[in-house]
Amino acid sequence: MGAISPKSLSVAGLLFNAFVWGVCWWPFKQLEAQGLHPLWATALVYAFVFLSIALWLWRSGQLQSWRGQPGLWLLLLASGLTNVGFNWAVTVGDVVRVVLLFYLMPAWSVLVAWWLLGEKPTPMALLRLLLALAGLFIVLKTPEIPWPVPESLADGLALMGGLTFAITNALLLKLKDTPSSSRTLAMFGGGAVMATLAAVVGLTTGVVAIGAAPTWTWLPLVALLGISFLLGNLALQYGAARLAAHTTALVMLSELLFASVSSVLLGASQWETRTLVGGALILLAALLSIVGPGHQKKSII
């Protein structure tokens, strides 16, 4: 029996990362059922991973200074808001709907790349943008409302998360010459810091409840999420470093499949016609961003 090829291992790593993100809604919902708000859960999980990575880098002498690298602070902000939006949304909303709205990211990427990277949109990019926005219109428009606007907190959070995810990816391209350890620390540190700030602001405004007193039953799920996100990030970095950008993006779309199937089977989502039709357009826009002209050059999906 032959050895597994590096390409197969890379694809497996990306699939593992997509699986982690596709099913992470379940432990977040379990923690909320036990009285831990998803913002506090996100803060705990990301603080655990951040401190683990920082300690390991410090002990190995690889901890890098961020002095003179303001882009890392922007990455911390953008990635932190991405995790706040996604984790909160999948906990309180319909998982399939949330993931579809979050995956408007390729559409936002057209505008973000123009703004941050100076890449003027091509006709194909504008077509992707129109397809994704048409899908958004169909998903959000219901007979009860005159305009296609977010109908819940989860909708708004998912849209914000997709936008900040596009900004995060653009910043990762812009910061490609910085040490990968610094970028990883910024992303996990952002999850901890921004979730904590959002939770504190939510408490003062009454949006976030204090919740139940801490219990030891939280610990296994928080540890599971932290270890899963850490392993998923390492798997993503391994796979993305060995595959073409468009291949990485194509495999990562499997997150939609993992999230949809798991949430429907476990009763956290329902198939609705308008969600399926609008989601198909959003998914088509995402696929065109991968297989369309010029995808070999670079990608921020």
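Keep in mind that what you see is a predicted model, and the values were worked out from it rather than measured.

Attention now goes to the overall build of the protein chain. Scanning the protein chain from terminus to terminus reveals 13 helices and zero strands. Buried residues in the protein chain amount to 48% of all 301 residues. For the protein chain, restricting intrachain contacts to residue pairs at least 6 apart in sequence, the fraction spanning at least 24 positions comes to 86%.

Let us now look at the packing of aromatic side chains. Across all of its chains, the model carries nine aromatic pairs by this definition. Ring geometry for Tyr46 versus Phe188: centroids 5.4 Å apart, planes at 35°, classification tilted. Placement of the pair is Tyr46 in helix α3 (residues 38–59) and Phe188 in helix α9 (residues 180–205), with a sequence separation of 142 residues. Classification of Tyr46 by relative accessible area gives buried; the value is 3%. Relative to Phe229, the ring of Tyr46 lies with its centre 5.6 Å away and its plane at 35°, an arrangement referred to as tilted. Residue Tyr46 is found in helix α3, and its partner Phe229 is found in helix α10 (residues 218–240); the two are separated by 183 residues along the sequence. Of the residues examined, Phe229 reaches a relative accessible area of 4% and is grouped as buried. An aromatic cluster of three or more residues is present, and its members are Trp21, Tyr46, Phe86, Phe102, Tyr103, Phe165, Phe188 and Phe229.

This next bit is on the packing of helix α5 (residues 95–102) against helix α12 (residues 254–265). Where α5 meets α12, the closest approach of the two axes is 9 Å, and the angle between their N-to-C directions is 165°. Judged on the interaxial angle alone, α12 and α5 are roughly antiparallel. Taken as a pair, α5 and α12 cross one another with a handedness that is left-handed. Every residue of α12 that contacts α5 at Val95, Val96, Val99 and Leu100 is listed here: Leu256, Ala259, Ser260, Ser263 and Val264.

Okay, α5 next. With eight of eight residues buried, α5 lies mostly within the body of the structure. When α5 is considered as a whole, its buried residues turn out to be Val95, Val96, Arg97, Val98, Val99, Leu100, Leu101 and Phe102. The backbone nitrogen of Val96 lies 3.3 Å from a side-chain oxygen of the residue at the head of α5, namely Asp94.

A separate point is the pattern of salt bridges. Following the criterion strictly, the structure yields two salt bridges and no others. Of the charged contacts, one joins Arg97 and Glu151 as a salt bridge, the two residues approaching to 3.7 Å between their closest N and O atoms. With a gap of 54 residues between them, Arg97 in helix α5 and Glu151 in the loop between α7 (123–140) and α8 (153–174) connect regions that are remote in the sequence. What makes Glu151 partly exposed here is its relative accessible area of 47%. Notably, a salt bridge pairs Arg97 with Asp155, separated by 2.8 Å at the nearest N-O pair. Of this pair, Arg97 sits in helix α5 while Asp155 sits in helix α8, and the two are 58 residues apart along the sequence. With a relative accessible area of 8%, Arg97 lands in the buried category. With relative accessibility at 2%, the residue Asp155 sits in the buried group. Through salt bridges with shared partners, one network takes in Arg97, Glu151 and Asp155.

What follows is about the environment of Trp271. Counting through the fold element by element, Trp271 comes out in the loop between α12 and α13 (273–291). Separated by 174 residues in sequence, Trp271 and Arg97 place their C-alpha atoms 9.2 Å apart.

Next up on the list: the packing of helix α2 (residues 25–33) against helix α4 (residues 70–92). Running from N to C, α2 and α4 point in directions that differ by 70°, and their axes come no closer than 9 Å. Of the possible angle classes, the one that applies to α2 and α4 is roughly perpendicular. As for how α2 packs across α4, the hand of that crossing is right-handed. From α2, Trp25, Phe28, Lys29 and Glu32 reach across to α4, where they touch Asn87, Val90, Thr91 and Val92. By residue class, the composition of the contact of α2 with α4 is four nonpolar, two polar and two charged.

Quick notes on the rules
Residues numbered from 1 in each chain as written. Predicted model: local features only at pLDDT ≥ 70, side-chain atom pairs only at ≥ 80, totals over all residues. Heavy atoms only, no water. Helix = DSSP H or I, 4+ residues; strand = E, 2+ residues; numbered from the N terminus. Buried < 20%, exposed > 50% of the residue type's maximum accessible area, 1.4 Å probe, protein only. Contact = heavy atoms within 4.5 Å. Phe/Tyr/Trp six-rings, centres within 6.5 Å; stacked < 30°, edge-to-face > 60°. Axes fitted to C-alpha atoms, helices over the stretch in contact; angles between N-to-C directions. Parallel < 35°, antiparallel > 145°, perpendicular 65-115°, else oblique. Left-handed = near helix turned anticlockwise from the far one by under 90°. Polar contact = N/O pair within 3.5 Å; in protein donor to acceptor, adjacent residues only side chain to side chain. Salt bridge = Lys/Arg side-chain N within 4 Å of Asp/Glu carboxyl O. Nonpolar A, V, L, I, M, F, W, Y, C, P; charged D, E, K, R; others polar.

Without other data, these values stay purely geometric and don't point to any function.
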